[in-house]
Every structure is written in structure tokens, then in C-alpha cells.
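Residues per chain are reported as follows:
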Protein chains: 2
Amino acid sequence: MSVQGSIRLAHGAGARLTADLIREVFAPAFGNEHTARAEDAAEVRLAGTRLAFSTDAHVVRPLFFAGGDIGKLAVCGTVNDLAMKGARPRYLSLGFVIAEGFAIAELRRIAESIGAAAREADVEVAAGDTKVVERGAADGLFITAAGIGEIPEGRDLSPARLAAGDALVVSAPVAEHGLAVLDAREKLGLGPAFRSDCAPLGSLVEAAFASGAEIHALRDPTRGGLATVCLEFAGLSGRRLVLRERDLPVRPAVASAAALLGLDPLYVACEGVCLAAVAGRDAGKLVAALRAHPLGVQAGIVGRVEEGPAGAEIETAAGGRRRLAWLEGEPLPRIC
Amino acid sequence: MSVQGSIRLAHGAGARLTADLIREVFAPAFGNEHTARAEDAAEVRLAGTRLAFSTDAHVVRPLFFAGGDIGKLAVCGTVNDLAMKGARPRYLSLGFVIAEGFAIAELRRIAESIGAAAREADVEVAAGDTKVVERGAADGLFITAAGIGEIPEGRDLSPARLAAGDALVVSAPVAEHGLAVLDAREKLGLGPAFRSDCAPLGSLVEAAFASGAEIHALRDPTRGGLATVCLEFAGLSGRRLVLRERDLPVRPAVASAAALLGLDPLYVACEGVCLAAVAGRDAGKLVAALRAHPLGVQAGIVGRVEEGPAGAEIETAAGGRRRLAWLEGEPLPRIC
């Protein structure tokens, strides 16, 4: 067993230690086909209906940041996990854990943000629960959102479907969310150009399917960023994912700030970006459809899928290849 | 607005201040028909399938107590909310918020308890998420569980269906869970007779429906206890609920301990008890079916529904009537 002793921040980073925790602690106790599939949302069947079901716990600090807050994030995080399964998000449940003494005015602001995000995402908050703990027993407020969506027939997304020749398409510039939260938390003063990209991606995914492109898998690069999603896809498909550095969408200001902070933008979270693996011949069609959507105007092909051995690499601007490795620590805790 | 200033423990007690918070903060921001109905689980429709959808945040302290732990409680709490809508619980999602430094051995024990409870309840954990926060940013571990169940056609439970002449049936003795948690937390030394009744009620509810009794509403008296559920039923139906003190199932040891602690057992949480409102002529049939189930051997009729005005009363052993009032404070925080 590699998981022993006590919980570290990295166990919640969504990267290797999280996978270890799931494999060694959770799966033996209550694992099943869903746990084994390690996706952000599960597909379940009820009375013949295909549903996606997902949950995300949100502990972001600070609660408010440029471009969003914990409420908007809770809605978008869960809606996006559903959309990445090809589902149409429909209903959310929200579990609040609030510390005694929390300002009602802040709670009201967060609730309003939840309402606005739910309307934008066209989902209903159908169920909720509120628990209050003593002052000091929780850092202000945590929100866990679960969601249900309907998966239309004919949509069958899974990293296992990745095939050599697939193109990798990214819908928007990466690393925006993580830097915006870090800016707000550490008062870095990065300026108004740094805003979270937090947005519900359901309508973007609908546009992608409407293009008719043969999409094999979708995932939103949240904790652990684009590199971690590529490594997950590689592990689940046995394929090699190759990103081209010069085609990666990173705004210059974000690249500079990340460099100054010692962060690789490929490992920094996004909350409004989608990575798609699509049959190579359909890549142009998919990119065109994404670009016609307000959240995908900067979409582009960023790489390709090759036969294994499983792994993820980046072709550098200089023409070399660099292996992408799993994050070991937790460089940016509490960003979602 | 009566909700202002800052959050108090009582805002999470599941009684009047919680209702105020929902009505004044959450409902204006993201309310809908589900919020208005104020039930523990929502009924939603997807592709013609009737689903129940529910969530519960769990913050119980201590994490382990006689008869259960936070893991078992998370599974049972959500499963029971679904069952109270007449649904067959099917899938759960779990969101963990864990403090850095939490012992992996304890987490493993809680995970095993989740697995055992899920098998007992015949549900699958289909989705999960784990977040880790810094030491001190959370009191050990919180678990938010959401669940989906399938509502068979012909089941239509709602407090609004309560009618004069209905019988009130309780499936098991009340107040066991709250006292067991209090015993563990305050080290009262009440002894081995004090154990949480925490149990999944899905199969008990199936037995109730199999009896053919015309059941109008079900609810599990958790936070706020049996009295609070009666008040909620009264508010939602406009009827008067009358409990008979001499028929209320409270074990003598529990009654004595509650008296010593200054608690009214009618306001203390259960986690394995169901209150049913059933057409008067079918009460005997329902009680017989419940008594044939291991979790209902002490089931009995405890009262009746009368025409309004809305309210809840208790007929005392001496023949008088006492009005049941909403809890104002939070006598037992963090019991679920």
C-alpha cells in the first residue's frame, strides 16, 4: 500500500495521489465499474434512460475572485462534468457546510451567483441541504454540487475510444482559472486581464455534437490542468497523446505570470475549457463548430493521438519531444 | 427580512431558521417548484422516467459513535430521503472534504462502512470527489451524499395529500440516534443500550407499499425529530396532526436520559425511523406489514390527522392537549 499515514494536500489535487487514494482506500471498500472507469461523471441507467451523474466538492479560497465565486464554480463544475459525458445537464443538488458567523450578505451574493449560473446553464437546483458547524470548524463555506443529465442516444464518449490518428482539440486558452484564483488569494495584483474562465459548457458541447464530428472523448481540464487530462486519457486508452507546444492556447500575459510564479500553464486549472479527442478527418469540422460558439472562438487543434505505449508528450517549438509527467505535489491547493 | 447578520447554528437545525434561510436567501436566488415544495428529496422527470433526487451534507461529531459513523450515516441519510419519496434508491455520489493530517486508517474505516451500508441498501456509489483543505480549515472530514432513485408508477407521496381521518404510523422508537451521538460526543457514559438506529429504510418502504395500504406521505424524522416532521406536514397540508403521548414509542431508558439532559425526545433525531400518514382504514394493514420487517417490529399507530387549522398537538396521558412548537434554537448541533 502506498497510501498510509495521514492525508496530504496532494491527495486532493486530482492527480496521482488522488488516484492512489481512490484505488487503495475507496475502491476496495465501495468500488464498482464506475469507480474503475475513473471519469468525472458516471453513466447510469434507470428505466431505460441513460443518465450522467456527477458530484464535485468546492473549497475554493477566496470565495470571490475575478470572473466568479464559489457558487458559480459549484454550478459550472458539475454541469461541465455532465457535459463531458455528452449529457444535457438538467438538475443539480447543493450541499452547503457553513461556519457559524458567516455573513448572510455573502451567502446571499453566492446564492444569487448560483441562480445566475444555473439560468445560464439551463439547469434547475432541485434539492439542497444546509449544515452549520461551530465557528472554526470550517473555513467559511463549502459547497458540494451533484448533478444529473440526460445522455442522448448515439453519444458514446470514453477515453477508451481514443484511436491513433485522432486529433486533440482545445476550445479556449488554458490556465485562466487557476491564475485568477491565485491572484485573488495572494493579492498578486496581476490586473484586470486575469479573470477565471468559469462557464457552463453544455451549449458548447451541443454545438460540437451538432457539427456531426465523430467525437471520441471530452474532458474539462480542471485540477491538474491540460497535462493531467492528457495523462488520464493516455492511461485509460493505452495511447500516446502528443501536444504541439506552438499550437497550445496560452495567453502571453498568462504565460509570463505563470513563468514568474514557477508554474507550468499546462498544469494550471481551467473551468471553461474542453479538450476533445476527435476522429482526425473531422477535426476541422469540430473546430469550426466550436469557433462559432462564444465560448470557443479561440478553439484549435493542439495535438494528436498516436499508438502506444501509453503516455503524453509535448513537441517543443524547437522540434524536440518532452514527456509530460504526473504532478507529484499540490502546487495550487483550493482553487476549486 | 428576518434573515440578516450572520449564520447561527440554528440556521442548520432543519427547523424554523433553516426554513427562513431557504425562503429568504436561497429561494429568491435559485428557487423553483422544488424549493417551494420543501421536501427532503425532489421528484424530477427525465425522458419520461420519474426520479427522486436528494442530497445531504454530513458534519456529525464525533465521526464514530455506537451504531454507526459518518460514512454509514451519509449513505443512510440520502437513501432514506429517496425512500421517503416512494423511490427505490439506486445510485449515490459522495463528495469528501478532508482536512490535511486526517488519518488514512480512519478514512479506510469510514470507506468500509460506506461500502457495507451501500450493500445493505442495495445502492451503488457511482460518482465521487475528494478535496483536501489545510490543517484547521475543516474539522476532520465532511461528506456530502447525493442520490438518485426510481419512483415506480402509482406512488404519489406528498404531505399535501394528508386528509382528516388519516392515521399517523411510526415504524420504530424515536430519539435513538441523537442520544447515541450526544453520548459519544459528551462521553456521558449512557451505556451499551444507547446506539444509533441509523439504517437504510428502502426495503421497509417497499414492504409498506406491498401491503396495499393507501399511503399519503412518508418522512424520516432526522434533525428536529418527530415533532418537527409533524409541524412540516401540518404546514404543507393545512391539517392538524394529533399525536397520542401514550402511544409514542420511546424506550424508557431513552426517555429518562432525555429528561436528565433537558431534551424532549420528540425533537431528537432518528436515522432509521419512518413516519407514515396512511388512510385510516388501512392503518392496521400498514402496521402489520411494517412489523413483519426487521426495522419495523415496534411499529404502531401514534396519532391521527384532523381538519385544520394547521398545527400539531399532543394528547397527553392525562387527557389534555399540548401544542407542539417549532424548535427555536439548536439543542443538538452536528448530529448528522
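The model shown is predicted, which means the values in this text are computed figures rather than measured ones.

### Some thoughts on the interface of chain A and chain B
Link 1 in the chain: Every contact between the two is made by 80 residues of chain A and, on the other side, 79 residues of chain B.
Link 2 in the chain: When chain A packs against chain B, the two sides together hide about 6,700 Å² of surface, and 68% of this comes from carbon and sulfur.
Link 3 in the chain: If you look at where chain A meets chain B, you find four salt bridges.
Link 4 in the chain: With a closest N to O distance of 2.7 Å, D129 of chain B and R223 of chain A form a salt bridge.
Link 5 in the chain: Counting every contact that joins chain A to chain B gives 30 residue pairs in polar contact (both at pLDDT 80 or more).
Link 6 in the chain: A breakdown of the residues in the side of chain A that touches chain B according to their chemical character gives 42 nonpolar, 20 polar and 18 charged.

### A look at the relation of the copies chain A and chain B
Link 1 in the chain: Relative to chain B, chain A is turned by 180° and slid 0.0 Å along the rotation axis, the superposed coordinates differing by an RMSD of 0.0 Å. Here the two chains are linked by the operation of a two-fold rotation axis. Across chain A, the rotation axis passes nearest the C-alpha of A138 of chain A, at a separation of 2.1 Å.
Link 2 in the chain: Residue by residue, 99% of the interface of chain A is reproduced at the interface of chain B, so both copies engage with the same surface.

### Focus on the domain arrangement of chain A
Residue and element names in this part refer to chain A.
Link 1 in the chain: Domain boundaries in chain A define domain 1 (37–150) and domain 2 (159–323).
Link 2 in the chain: On a C-alpha basis, the centres of domain 1 and domain 2 stand 23 Å from each other.
Link 3 in the chain: Contacts between the two partners involve 24 residues from domain 1 and, on the opposite side, 23 residues from domain 2.
Link 4 in the chain: Together domain 1 and domain 2 conceal approximately 1,900 Å² of surface at their shared face, both sides included; 61% is due to carbon and sulfur atoms.
Link 5 in the chain: Linking domain 1 to domain 2 there are one salt bridge.
Link 6 in the chain: R88 is the salt-bridge partner of E206, the closest N and O atoms lying 3.1 Å from each other.
Link 7 in the chain: Elements that contribute at least two residues to the side of domain 1 that touches domain 2 include exactly β3 (64–65), α3 (70–83) and α4 (104–121).
Link 8 in the chain: Sort the elements by how many residues they give to the side of domain 1 that touches domain 2 and α3 lands first, with eight residues.
Link 9 in the chain: Across the side of domain 1 that touches domain 2, the residue classes break down as twelve nonpolar, four polar and eight charged.

### Overview of the pattern of salt bridges
When charged atoms on two side chains of opposite charge get close, those side chains can pair.
Link 1 in the chain: The full count for this structure, using the stated rule, is 55 salt bridges over all chains.
Link 2 in the chain: For E150 of chain A, the salt bridge identified is with R90 of chain A, shortest N-O distance 3.2 Å. Placement of E150 of chain A in strand β7 (residues 141–150) and of R90 of chain A in strand β5 (residues 88–99) is noted, with a sequence separation of 60 residues between them.
Link 3 in the chain: One salt bridge connects R334 of chain A with E134 of chain B, and the closest N-O pair in it is separated by 2.6 Å. Here E134 of chain B lies in the loop between β6 (124–133) and β7 (141–150) and R334 of chain A lies in the segment after β14 (321–323), a pairing that spans two chains.
Link 4 in the chain: Taking the relative accessible area as the measure of exposure, E134 of chain B reaches 29% and is therefore partly exposed.

### Remarks on helix α8 (residues 252–261) of chain A
Residues and elements named next belong to chain A.
Link 1 in the chain: For α8, every residue scored as buried is listed here: V254, A257 and A258. Considered in projection along α8, the buried side chains sweep an arc of 100° and stay on one side of the axis. Residues P252, A259 and L260 are exposed on α8 and point more than 90 degrees away from its buried face.
Link 2 in the chain: On its buried side, α8 packs onto α5 (176–186).
Link 3 in the chain: Positive phi shows up at G262, right after α8, with a value of about 75°.

### Comments concerning unusual backbone geometry
Residue and element names in this part refer to chain B.
Link 1 in the chain: For the peptide bond that leads from R61 to P62, omega is 0°, which places it in the cis range.
Link 2 in the chain: By the secondary structure assignment, P62 is in the loop between β2 (49–58) and β3 (64–65).
Link 3 in the chain: Cis geometry is found at the peptide bond from G308 to P309, where omega equals 10°.
Link 4 in the chain: Relative to the elements of secondary structure, P309 occurs in the loop between β12 (300–306) and β13 (311–315).
Link 5 in the chain: You will see that D122, though not glycine, has its phi angle at about 60°, which is positive.
Link 6 in the chain: Take D122: it is sitting in the loop between α4 (104–121) and β6.
Link 7 in the chain: Residue classification places D122 among the exposed positions, given a relative accessible area of 63%.
Link 8 in the chain: Even without glycine at this site, A175 takes up a positive phi of about 75°.
Link 9 in the chain: By secondary structure assignment, the location of A175 is in the loop between β8 (167–170) and α5 (176–186).
Link 10 in the chain: In this structure A175 comes out as buried when scored by relative accessible area, which is 0%.

### As for the packing of aromatic side chains
Link 1 in the chain: Scanning the entire structure with this criterion turns up five aromatic pairs over all chains.
Link 2 in the chain: In this structure an aromatic cluster arises from ring pairing among F26 and F30 of chain A together with F96 of chain B.
Link 3 in the chain: Looking at R155 of chain A, its charged tip hangs above the ring of F209 of chain A, at a distance of 4.2 Å from the centre.

### Things to note about the pairing of strand β11 (residues 275–278) of chain B
All names here are of chain B.
Link 1 in the chain: Side chains L275 and A277 of β11 all project onto a buried face; the interleaved residues A276 and V278 project onto the opposite face, where all are buried too.
Link 2 in the chain: Direction of pairing for β8 relative to β11: antiparallel, over a ladder of four bridges. Of the residues in β11, the one forming a bridge with V169 is A276.
Link 3 in the chain: The pairing of strand β9 (residues 215–219) with β11 spans four bridges and is antiparallel. Paired with L218 across the two strands is A276, which belongs to β11.

Rules and cut-offs
- All residue numbers refer to positions counted from 1 along the written sequence of the respective chain.
- For naming, the first written chain is A and the first written ligand is 1, with later ones following in the order written.
- Totals for whole chains, interfaces and linings use every residue, but because this is a predicted model, local features are given only for residues with pLDDT of at least 70 and side-chain atom pairs only at 80 or more, for both listing and counting.
- Based on all heavy atoms of the structure, the side-chain values leave hydrogens and waters out of the count.
- Any two residues whose heavy atoms approach within 4.5 Å are treated as being in contact.
- Summed over both partners, buried area is the accessible surface (1.4 Å probe) that two parts give up on being assembled.
- Salt bridge, as used here, is a side-chain nitrogen of Lys or Arg placed within 4 Å of a carboxyl oxygen of Asp or Glu.
- Each polar contact in these results corresponds to two N or O atoms within 3.5 Å; when the atoms are within protein, one needs to be able to donate a hydrogen and the other to accept it, and residues that are neighboring in sequence are counted only if both atoms are side-chain atoms.
- We call Asp, Glu, Lys and Arg charged. Ala, Val, Leu, Ile, Met, Phe, Trp, Tyr, Cys and Pro are nonpolar, and the rest, Gly among them, are polar.
- Only residues with pLDDT of at least 70 in both copies count here: their C-alpha atoms drive the least-squares fit that superposes the copies.
- The domain boundaries here were taken from an automatic or database domain assignment.
- We count a stretch as a helix when DSSP gives it H or I for four or more residues in a row; a strand needs E for two or more, and each element gets its number in order from the N terminus.
- We call a residue buried when its accessible area falls under 20% of the maximum for its residue type, exposed when it is over 50%, and partly exposed in between, using a 1.4 Å probe and counting protein chains only.
- Working definition: the arc comes from the directions between the helix axis and the C-beta atoms, pointing outward to the latter.
- Each Phe, Tyr or Trp ring, with Trp reduced to its six-membered ring, pairs with another whose centre is within 6.5 Å; inter-plane angles below 30 degrees give stacked pairs, above 60 give edge-to-face pairs, and intermediate values give tilted ones.
- Comment: the charge-over-ring label is applied if NZ (Lys) or CZ (Arg) is within 6 Å of the ring centre and within 35 degrees of the ring normal.
- Pairing between strands is defined by DSSP: at least two bridges between the two strands are required.

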